[in-house]
Each structure stands twice: as structure tokens, then as C-alpha cells.
Amino acid sequence: MTTDHQYNGFLDTKVLWPEKYEQLPAFDHNIEPKKSTGAIKIQIPKNEVLGKIAEHFFYHYIQSLDHYKVICKNLQIFRDKTTIGEIDFLIKNTKTNTVFHIELVYKYYLYIPDISTVELERWIGPNKKDSLVKKVNKLKEKQLPLLYQEETIAKLHTLGIEIDTIIQQVCFFGNLFVSRSYENISIPHINNECIVGYWIDFKEFISTTYTMSNFHMPQKQNWMVHPKFCSDWYSYDITLIKLKESRAQKKSSLLWMKTTEGVVSRFFVVWW
């Protein structure tokens, strides 16, 4: 997969909350992005994690817009030589001179309806090590309040920025996967356009439903790529071997599938 495929996949990702949700003000993501039609010049380290790749792409995206520029990214805040947090982005609308503090989130969550009666608690990470509620709480209790710490205010002052002129926003990209029984059900409190696939357990994958299709197990840095750009497809038997290896390591796997009719889709096979 090329960096262009990754970047355009990033631009196609929808935000969980296009408007303010609870205490999380939403970034105006209705600005028309400029998709890449050639080799984009973004230097990304080979083993960069997915969240950091998203930061590289968001930076490139903002810089490509008219009247916007990035003042700084990953601004570390120190207290007695100890890092107490990091400001993801400070960006400026050069037309209005408005400065924004943007916290960027790029996540994958699975909807597990039977684990809670609280809607947001039903969204968890593919390996059960993360959850939507945990991330929302971190944003509200740590990441957004960081802006108002004395150390942050002092740091911003050195940049010529006064704290009372900054508008805080959250850009929360979500790639959501539901169980098969919820594929055609609208789920409250989130943007349902973020639902891009479904999830199954290993037992279901070894059923006859999937044996005639071809598959690709993308590396995590390619998860944001649309499967229609995949050119390397593998048989069910080869894929099953790879899935068993991931399951033994307690890792859920994202699969792209192409049916005999040429229809492509994406889903997770969970290890638990």
C-alpha cells in the first residue's frame, strides 16, 4: 500500500461527533479536504504506530488548507523536568487570526451490546485493552484541562499566544465495527457513518460461510486504507493459518475480504 492510499483513507474516515458531545467541542471537519492524486511528500518512520501516522496526515491536511496553518504539534509541557502532558496541535485560521487547540484521536472500536446497558461503554478496542469511555474520560479529565495548567500558559506566552484567545476542539476519528446482528441497526450517541464493518469470533470464521472467499490481513499501519486498493489476496486456508498465529498471541485481526463476485468488505476476527 502506498502513502497516498493511507492518506486518502485517513481523509475518508468520519468523525464520531461532528458536533459537540457532552464536554467535547468538535473540530469543524466540514472543510473540504484535498485528496492526494500523486506521491505525497510525508516523511513517516517505518515502524510508526497508527496514531502517530494519523498525526502526520492531520498535519499535512491542515497545511493543505487555505487560511489554515499549524503553529506547532506535539507540544510537550514540563513540570520540574517531568512531562505532564502534550498538546497535540495548535493551528491558526490566518483569515480570522483564531487559534485552535486540537486534540486528535484516531481509533478502532467494536460494539459489544451485552457488556453494558450504557451505550458508550459498549464500544471497546479489538483486544479489549481500550475503550471509548476510557478515551472520552481522558480527554475531559486530562488532555483538554492541560491547556489551563500554569506550565502550559507560560509556554504559550513564549510563543506569543494568550490562553484566553484559544478555542479548544476535539477531532475524534472513529472506525467502528458492529456484530452481524447489528449491521442494519442505528446505534445512538455516535455518528453511524463511522461504522465501516463488522466483527466475528474465530468459531464463526471457520464455518463454511467464508471458505470460498479470498482475504488480506493488512498490517496495522494500513488499516485506514480502503480494501478496494488491495492487490494481494490469499486463500481461506492461508488466512486461517495466519489467524491461528494471531489468536495464539491474543491479538484480534482485521481482515479484508473479496468474494467470488468481487465484492470487498472488512471485518475483525477477535481472539476472545
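You'll find the structure just up there.
Cut-offs and rules
- Residues numbered from 1 in each chain as written.
- Predicted model: local features only at pLDDT ≥ 70, side-chain atom pairs only at ≥ 80, totals over all residues.
- Heavy atoms only, no water.
- Helix = DSSP H or I, 4+ residues; strand = E, 2+ residues; numbered from the N terminus.
- Expected span 1.5 Å × (residues − 1).
- Buried < 20%, exposed > 50% of the residue type's maximum accessible area, 1.4 Å probe, protein only.
- Arc of directions from axis to C-beta.
- Contact = heavy atoms within 4.5 Å.
- 1 Å grid on protein atoms, 1.4 Å probe; cavity = no way out; pocket = protein on both sides within 12 Å on 5 of 7 lines; lining within 4 Å.
- Points joined across faces, edges and corners; volume = space filled by probe spheres on them.
- Nonpolar A, V, L, I, M, F, W, Y, C, P; charged D, E, K, R; others polar.
- Phe/Tyr/Trp six-rings, centres within 6.5 Å; stacked < 30°, edge-to-face > 60°.
- Polar contact = N/O pair within 3.5 Å; in protein donor to acceptor, adjacent residues only side chain to side chain.
- Core = buried A, V, L, I, M, F, W, Y, C linked by side-chain atoms within 4.5 Å.
- Pairing = 2+ DSSP bridges.

Caption draft 1: Helix 6 (residues 236–248), seen in detail. Given a rise of 1.5 Å per residue, 13 residues ought to cover 18 Å, and the 18 Å separating the end C-alpha atoms of helix 6 matches this to within 8%. Those residues of helix 6 lying buried are Tyr236, Thr239, Leu240, Leu243 and Ser246. Buried residues of helix 6, viewed axially, fall in a sector of 125 degrees; they line one side. Exposed and oriented more than 90 degrees from the buried face of helix 6 are Asp237, Ile241 and Ala248. Contacts made by the buried residues of helix 6 are with helix 5 (202–205), strand 7 (214–216), strand 8 (253–258) and strand 9 (264–270).

Caption draft 2: A look at empty space enclosed by the protein. For the structure on display, the rule yields three cavities of 30 Å³ or more. Here the largest cavity defines a volume of roughly 60 Å³. Lining the largest cavity, in full, are Val15, Trp17, Leu24, Pro25, Ala26, Phe27, Val170, Cys171 and Phe172. Class assignment for the residues of the lining of the largest cavity results in nine nonpolar, no polar and no charged.

Caption draft 3: Layout of the packing of aromatic side chains. All chains considered together, the criterion is met by 25 aromatic pairs. Ring centres of tyrosine 108 and tryptophan 223 lie 5.1 Å apart, and the angle between their planes is 70 degrees; this geometry places the pair in the edge-to-face category. Remark: tryptophan 223 occurs in the loop between strand 7 and helix 6 and tyrosine 108 occurs in strand 3 (residues 98–111); sequence separation between them is 115 residues. Just as tyrosine 108 is buried, tryptophan 223 falls in that class too.

Caption draft 4: Representation of the layout of surface pockets. One number sums up the size of the largest pocket: a volume of about 1,100 Å³. Residue lining of the largest pocket: 39 residues in total, with Gly51, Tyr106, Lys107, Asp130 and Lys220 positioned closest to the centre. Those elements giving two or more residues to the lining of the largest pocket turn out to be helix 2 (50–63), strand 2 (82–93), strand 3, helix 3 (132–143), helix 6 and strand 8. In terms of residue count, strand 3 provides more of the lining of the largest pocket than any other element does, six residues in total. Grouping the amino acids of the lining of the largest pocket by side-chain chemistry returns 13 nonpolar, ten polar and 16 charged.

Caption draft 5: Main features of the environment of serine 246. Topologically, serine 246 is positioned in helix 6. Residue classification places serine 246 among the buried positions, given a relative accessible area of 14%. Taking C-alpha positions, serine 246 is 29 Å from asparagine 184, a pair spaced 62 residues apart along the chain. Those residues in contact with serine 246 that sit more than four places away from it in its chain are Met217, Lys251 and Ser253. A distance of 3.3 Å separates the side chain of serine 246 from the side chain of serine 253, its partner in a polar contact.

Caption draft 6: Spotlight on unusual backbone geometry. Phi is positive for asparagine 74, close to 50 degrees, though the residue is something other than glycine. Note on placement: asparagine 74 falls in strand 1 (residues 68–79).

Caption draft 7: Molecular detail of the nonpolar core. In this structure, Phe10, Phe58, Ile62 and Ile91 are the most contacted members of the largest nonpolar core, which totals 40 residues. Every element with two or more residues in this core is listed here: helix 1 (3–12), helix 2, strand 1, strand 2, strand 3, strand 5 (166–179), strand 8 and strand 9. Looking at this core, the element that brings in the most residues is helix 2, giving seven residues. Once residues within four sequence positions are removed from consideration, phenylalanine 58 is found in contact with Phe10, Phe27, Phe89, Ile102, Leu104, Cys171 and Phe173. With 20 residues, the next largest nonpolar core counts Tyr109, Val136, Leu139 and Cys194 among its residues.

Caption draft 8: Representation of the pairing of strand 5 within the structure. Across the 14 residues that make up strand 5, a large majority, 13, are buried. As judged from the twelve bridges shared by strand 3 and strand 5, these two strands associate in the parallel manner. Across the sheet, residue phenylalanine 100 finds its bridge partner in strand 5, namely isoleucine 167. Looking at chain direction, strand 5 and strand 6 (residues 195–201) are connected through four bridges and run parallel. Residue pairing across strands places phenylalanine 177 opposite glycine 197, the latter belonging to strand 6.

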